[in-house]
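Overview (structure and organization)
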Amino acid sequence: MSSSNLQALNVLLERAEAERDEALRFLQEAQSRASSARNQHDQLSQYRTDYTSRWTQEFTRQTTVSMLGCYQNFGQRLDQAIGQQAGIADFADQRLTAARDVLREREMRVASVRKLIERRRAEAMRSQMRQEQRATDEQAARAAARGGNPMTRLVA
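Residues numbered from 1 in each chain as written. Predicted model: local features only at pLDDT ≥ 70, side-chain atom pairs only at ≥ 80, totals over all residues. Heavy atoms only, no water.

**Comments concerning the overall build of the chain**
If you tally the helices and strands in the chain, you get 3 helices and 0 strands. Starting at the N terminus and walking to the C terminus, you meet the elements of the chain as α-α-α. Considered along the principal axes of its C-alpha atoms, the chain spans approximately 125 × 30 × 15 Å. Each of the 156 residues in the chain was classed as buried or not, and the buried ones make up 17%. The long-range fraction of contacts in the chain, counting pairs at least 24 apart against all pairs at least 6 apart in sequence, stands at 80%. A total accessible area of about 11600 Å² is found for the chain, and carbon and sulfur atoms account for 52% of it. Positive and negative side-chain charges in the chain, numbering 25 and 20 respectively, have mean positions lying 5 Å apart. (Helix = DSSP H or I, 4+ residues; strand = E, 2+ residues; numbered from the N terminus. Buried < 20%, exposed > 50% of the residue type's maximum accessible area, 1.4 Å probe, protein only. Contact = heavy atoms within 4.5 Å. Areas by Shrake-Rupley, 256 points an atom, 1.4 Å probe, with all protein chains shown as cover. Lys, Arg positive; Asp, Glu negative; His and termini not counted. Charge placed at Lys NZ, Arg CZ, Asp CG, Glu CD.)

Here you go:
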């Protein structure tokens, strides 16, 4: 394999590794965003539970129609916020899944390019060994044609 072919493959490998590293960074950011969105959803849900519990206790003591209306109105808005946050968290989870898929593809590309480089180097090595064997065979054939045994020089 020529050095320019090997150099081109190494440039390709560097680019594939850079793209993989970028995909890994994006995955980490997506994990952070998804975790944050889920935490915020959980906090809102917990607040809703606490809010309901507090008002249930308050209603056993005393309440007015006006207070009940405020409770229901705020509870509806809180439920709406929880629903919106659930949607945001689901979207963040989808982005996280997509980022994992992209990273997996980029890792496979890096592995493929490395494997290609390895095969090309192995093929170049086999080619070089065949050339060396041919040269040795030709040298032995010339020596035999001259009537000499090429091995006698090694023994003597």
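Okay, back to it.
**Some thoughts on the packing of aromatic side chains**
To describe a pair of aromatic rings, one takes the distance between the centres and the angle between the planes. Under the defined criterion, the tally for this structure stands at 6 aromatic pairs. Ring geometry for Tyr-51 and Tyr-71: centres 5.3 Å apart, planes at 15°, overall stacked. One end of the pair, Tyr-51, is in helix α1 (residues 3–61); the other, Tyr-71, is in helix α2 (residues 65–145), and 20 residues separate them in sequence. For Tyr-51, a relative accessible area of 6% gives the class buried. Relative to Tyr-71, the ring of Trp-55 lies with its centre 5.8 Å away and its plane at 45°, an arrangement referred to as tilted. With Trp-55 in helix α1 and Tyr-71 in helix α2, this residue pair connects regions lying 16 residues apart in the sequence. (Phe/Tyr/Trp six-rings, centres within 6.5 Å; stacked < 30°, edge-to-face > 60°.)

**Overview of the pattern of salt bridges**
Applying the stated criterion to the full structure yields 12 salt bridges. With its nearest N and O atoms 3.0 Å apart, the salt bridge here joins Arg-20 to Asp-21. For Asp-21, a relative accessible area of 42% corresponds to the partly exposed category. For the salt bridge of Arg-33 with Glu-29, the shortest nitrogen-to-oxygen distance reads 4.0 Å. Taken together, the positions of Arg-33 and Glu-29, both in helix α1 and 4 residues apart, correspond to about one turn of that helix. (Salt bridge = Lys/Arg side-chain N within 4 Å of Asp/Glu carboxyl O.)

**Side note on the confidence of the model for the chain**
Mean pLDDT over the chain stands at 90; residues scoring 70 or higher make up 94%. Model confidence for the chain, summarised as mean pLDDT per element, is weakest for helix α3 (residues 150–155) at 54 and strongest for α2 at 94. (pLDDT = per-residue confidence, 0-100.)

**Structural notes on the side chain of Arg-48**
For Arg-48, the position within the fold is in helix α1. Residues within four places of Arg-48 in sequence aside, it is in contact with Tyr-71, Gly-75, Leu-78, Asp-79 and Ile-82.

**Some thoughts on α1**
The end-to-end C-alpha distance of α1 is 87 Å, a good match for the 87 Å that 59 residues give at a rise of 1.5 Å each. Turning to α1, its buried residues are Leu-9, Leu-13, Ala-16, Glu-17, Ala-23, Leu-27, Ala-30, Ala-34, Ala-37, His-41, Arg-48 and Tyr-51. Tucked into the core, α1 has its buried residues touching α2. (Expected span 1.5 Å × (residues − 1).)

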